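# Notes for the structure review
Here are the chains, one letter per residue:
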Amino acid sequence: MDQTGNSRRKKKPKRKNNINKSVRNYFRSKEHLSNGDVSEEDAKYFMGILTVLREASNDESKELLATNVIEQTKGREIVLSSHQIASKVIENLLEFCSDETLGEYQEAFKADIRSLCLNGFSSHVLEKLISISAMRYLTKNSVEDEPPEKKIKTEDGIPPGNLSQSKSFVETCSKFLLNNLEEFVWDSYANHVIRTCLTTLSGRILEEKVPIPGEWTEMFKEYVARLRDWPFFADFPYQELTSGLLQFLIQALARVDKNTLKSIGGFFTEPNTSETPEEDQESPSKLHKLFSTESSIRFLEVLISVAGNKLFTKIFLRLFQGNFKELSLLKSANFSVQKLLDNMKNKDEFNICFTELEPHFAEILQTGHTGIILALCLACKRLEINQNQFIKSLRRALECPKEGNFAVCVLKLKPHEHVLKDSSNFIHIHGSVILQEMLNFRKPIDIIQSILSISPDQLVTYLNSAKGSFIANAFFSSQFVGEKSRVSFVNHLMNFLVDLAINKFGSRVVECLFEASSGELRGKIVAELAGKINRLQSTPFGFIVSKKLHVNVYKENAKKWNSLHNKVNKDKGRPNAS
């Protein structure tokens, strides 16, 4: 599922971090018997450390573990980093090592970068070491002020285990990979090390922007120049390995060189030139080549997310305008439309997109690409345009008459006739989010009335679900939902509050109603709960609500409860609404 709940393309299932399973597979494969440099005793030792590492609860214990374990790897850093079990231990403990220990690994790894890059286990350790070295240098460089005479020098004149050595290590690895770029780009392990180098040299290894050494910037630019000069560069988006590298490259460019990003983005989005006029006549709605493979679509989505205004407009005009319907109905490409809508800032561009898609809401829903409708809704809210038109178009697509309950149709994202026959409590995740977002439109009166027209028992059923409980949050947090509507919402649920409070999700709704209500309405809520306190406290969730709202106190003495809540409101710095 993606962030909007849509089931994206078929992905390989994520591997669970099951240490015991990894170890069993390792010994079953008998790989340890073929590795003469690592004994079975060593393998069992590191297996035990993996188990301890999994149970370590804090950084302090991991630092102590790192000190003891890494000491055992001295002199065998490369051999153990190339071992299936030991490499996992080293990779996980490197970030907890001291600067001196890190320096020892940096010196050891410099001796054989090639074999480290090409090995399926040591390449991960190398990536981790490059990343940690860069982070320590970039984060601590400005605060370290150690007198030069106190620094221990090596034969190269570089102090071991300090920031200068970390900087030098990053540069050495990056330079080596740059010199072997043509070979390493096609290797599945070394390719990922190149990605790490691009991320570190651009400073993207850290979320916040920090000063980057000039040498790193120059080396990064050399990477870009070398890649762009390749005859194969134009084919990079269409192969999984090189597409991934290209995605890292443009994300790094967005950080350090937006002009080059614009140039590369323009290069890959140039109109198709390979089709002949005869081919165009047979397929008049020919899509851009970037929509032809999954890897190139992934690249396009990253490009959209990092593009500046001019490049974004170029992508919009060259690839999407006039093709929105076709792209929205394609299983592979509809996520690109969502990504474009999520990053759209220009109202004129959005109007073009909305106009193209509006007549096809029903068809898009039937195809199951509901994320498109959600993305349009979010854009309407963010850009504050076409909100009323969106509601009308969605109602039309769901074939919901004025007398029908539009809110329920949206929750289920089903046509009105199907909703009438649907007795289940099914809620579509996109439908729930769309309903929540429409409550934040400037004029949500139709949505409010539709929600309040749902029968209380059915509304409680929706609110008692994971997907439906957030409707209450949106209702009470929207600046466009008035006080009278909020009071009506609470009154609508009276006599059903205990049904909400004893539920995992509904209990949070009750707390939301209480917090958003006035003093008089709060008393009314607690009074109902106090009347059924035994049932209320029959579940852990109801018990928590009872404790937070001091229902026991109210049952014993309502005046005492009022005094208590007046005091709580004052302590919070919030005047009592009563």
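Parameters at a glance
Residues numbered from 1 in each chain as written. Predicted model: local features only at pLDDT ≥ 70, side-chain atom pairs only at ≥ 80, totals over all residues. Heavy atoms only, no water. Helix = DSSP H or I, 4+ residues; strand = E, 2+ residues; numbered from the N terminus. Buried < 20%, exposed > 50% of the residue type's maximum accessible area, 1.4 Å probe, protein only. Areas by Shrake-Rupley, 256 points an atom, 1.4 Å probe, with all protein chains shown as cover. Phe/Tyr/Trp six-rings, centres within 6.5 Å; stacked < 30°, edge-to-face > 60°. Lys NZ or Arg CZ within 6 Å of the ring centre and 35° of its normal. Expected span 1.5 Å × (residues − 1). Arc of directions from axis to C-beta. pLDDT = per-residue confidence, 0-100. Contact = heavy atoms within 4.5 Å. Core = buried A, V, L, I, M, F, W, Y, C linked by side-chain atoms within 4.5 Å. Salt bridge = Lys/Arg side-chain N within 4 Å of Asp/Glu carboxyl O. Axes fitted to C-alpha atoms, helices over the stretch in contact; angles between N-to-C directions. Parallel < 35°, antiparallel > 145°, perpendicular 65-115°, else oblique. Left-handed = near helix turned anticlockwise from the far one by under 90°. Polar contact = N/O pair within 3.5 Å; in protein donor to acceptor, adjacent residues only side chain to side chain. Nonpolar A, V, L, I, M, F, W, Y, C, P; charged D, E, K, R; others polar. Disulfide = S-S within 2.5 Å.

## Some remarks on the overall build of the chain
If you tally the helices and strands in the chain, you get 38 helices and zero strands. Within the span of the chain, comprising 578 residues, buried residues form 47% of the whole. Surface summary for the chain: the accessible area is close to 28700 Å², and the carbon and sulfur share equals 49%.

## Some remarks on the packing of aromatic side chains
Under the defined criterion, the tally for this structure stands at 26 aromatic pairs. Here F268 and F299 contribute two aromatic rings whose centre-to-centre distance is 5.3 Å and whose plane-to-plane angle is 70°, an arrangement assigned as edge-to-face. In this pair, F268 is assigned in helix 15 (residues 258–268) and F299 in helix 17 (residues 294–306), connecting sequence segments 31 residues apart. Each member of the pair, F268 as well as F299, carries the same accessibility label: buried. The residue whose ring lies beneath K289 is Y238, and the NZ or CZ to ring-centre distance is 4.5 Å. When the ring centre of F470 is taken as origin, the NZ or CZ atom of R508, which lies over that ring, is 4.2 Å away.

## A look at helix 3 (residues 40–55)
Taking 1.5 Å as the rise per residue, helix 3 with 16 residues should run 22 Å; its terminal C-alpha atoms sit 23 Å apart, in good agreement. For helix 3, every residue scored as buried is listed here: D42, A43, F46, I49, L50 and L53. The buried residues of helix 3 occupy one face: seen down the axis, they fall within an arc of 120°. When the buried face of helix 3 is taken as reference, the exposed residues oriented beyond 90 degrees from it are E41 and E55.

## Focus: the confidence of the model for the chain
For the chain, mean pLDDT is 87; residues scoring 70 or higher make up 85% of the total. Averaged pLDDT values over the elements of the chain bottom out at 42 in helix 16 (residues 277–282) and peak at 98 in helix 23 (residues 370–383). A low-confidence stretch, residues 1–7 (pLDDT under 50), is modelled with 19 contacts involving residues beyond four sequence positions or located in other chains.

## Some thoughts on unusual backbone geometry
Despite not being glycine, E399 shows a phi value in the positive range, around 55°. Counting through the fold element by element, E399 comes out in the loop between helix 24 (387–397) and helix 25 (406–412). The backbone of L413 sits at a positive phi, close to 50°, despite the residue not being glycine. Along the chain, L413 falls in the loop between helix 25 and helix 26 (416–421).

## Topic: the nonpolar core
Counting residues in each nonpolar core, the largest one holds 167 residues, and the members touching the most others are F320, F390, M438 and L529. Ranked by the residues each element gives to this core, the list is headed by helix 23, at nine residues.

## Concerning the pattern of salt bridges
Under the counting rule described, the total for this entry stands at 20 salt bridges. Between D422 and K412 there is a salt bridge, with the nearest N and O atoms lying 3.3 Å from each other. In this pair, D422 is assigned in the loop between helix 26 and helix 27 (429–438) and K412 in helix 25, connecting sequence segments ten residues apart. K412 gets classed as buried once you look at its relative accessible area, which sits at 2%. Each of E71, K74 and E104 takes part in a single network of salt bridges with overlapping partners.

## Looking at the packing of helix 13 (residues 214–228) against helix 14 (residues 240–256)
One can describe the packing of helix 13 onto helix 14 by two numbers: an axis separation of 12 Å at closest approach and a directional angle of 135°. Considered as vectors, helix 13 and helix 14 are oriented oblique to each other. Here the hand of the crossing between helix 13 and helix 14 comes out left-handed. Taken together, the residues of helix 14 that come into contact with helix 13 (itself represented by F220, V224 and L227) are L249, A252, L253 and V256.

## So, the environment of Q165
With respect to the helices and strands, the residue Q165 is situated in helix 10 (residues 163–179). On a C-alpha basis, the gap between Q165 and D99 in space is 9.5 Å, while along the polypeptide they are 66 residues apart. Within the structure, Q165 has its side chain in polar contact with the backbone oxygen of G103 (distance 3.1 Å). Within polar-contact distance, the side chain of Q165 engages the side chain of E107 at 2.9 Å.

## Considerations on the side chain of Q387
Position of Q387 among the secondary structure elements: in helix 24. Within the structure, Q387 has its side chain in polar contact with the backbone nitrogen of R442 (distance 2.8 Å). Sequence-distant contacts of Q387, defined by excluding residues within four places in its chain, comprise C380, K381, F441 and R442.

## Regarding the packing of helix 12 (residues 190–201) against helix 13
Contact geometry of helix 12 with helix 13 gives a least axis separation of 9 Å together with a crossing angle of 135°. Between helix 12 and helix 13, the interaxial angle falls into the category oblique. Of the two elements, helix 12 crosses helix 13, and the hand of that crossing is left-handed. Contacts between helix 12 and helix 13 involve I194, C197, L198, T200 and L201 from the first element and W216, T217, M219, F220 and Y223 from the second. Across the contact of helix 12 with helix 13, the residue classes break down as eight nonpolar, two polar and no charged.

## Some words on helix 4 (residues 59–71)
Because the α-helix completes a turn every 3.6 residues, residues three or four places apart line up on one side. Between its first and last C-alpha, helix 4 extends 18 Å over 13 residues, near the 18 Å set by a 1.5 Å rise per residue. Residues L65, A66, V69 and I70 constitute the buried set of helix 4. Viewed along the axis of helix 4, the buried residues span an arc of 110°, placing them on a single side of the element. Projecting away from the buried face of helix 4 at angles above 90 degrees are the exposed residues E60, L64 and T67.

## Looking at the side chain of K412
In terms of polar contacts, K412 uses its side chain to reach the side chain of D422, at 3.3 Å. When near neighbours in sequence (up to four residues on either side) are disregarded, K412 contacts V419, D422, S424, N425, F426, H428 and Y462.

## A word on the environment of E63
If you trace the backbone, E63 turns up in helix 4. On the basis of relative accessible area, E63 is assigned to the partly exposed category, the value being 40%. Sequence-wise, E63 and S98 are 35 residues apart; in three dimensions their C-alpha atoms are separated by 8.3 Å.

## Some remarks on the state of the cysteines
This model, assessed by the stated rule, comprises zero disulfides. This cysteine, C117, is not joined by any disulfide, and C173 carries the nearest cysteine sulfur, 7.1 Å off. Considering cysteine sulfurs only, C377 is the nearest to C380, which forms no disulfide, with 6.6 Å between them. By relative accessible area, C380 is classed as buried at 0%.

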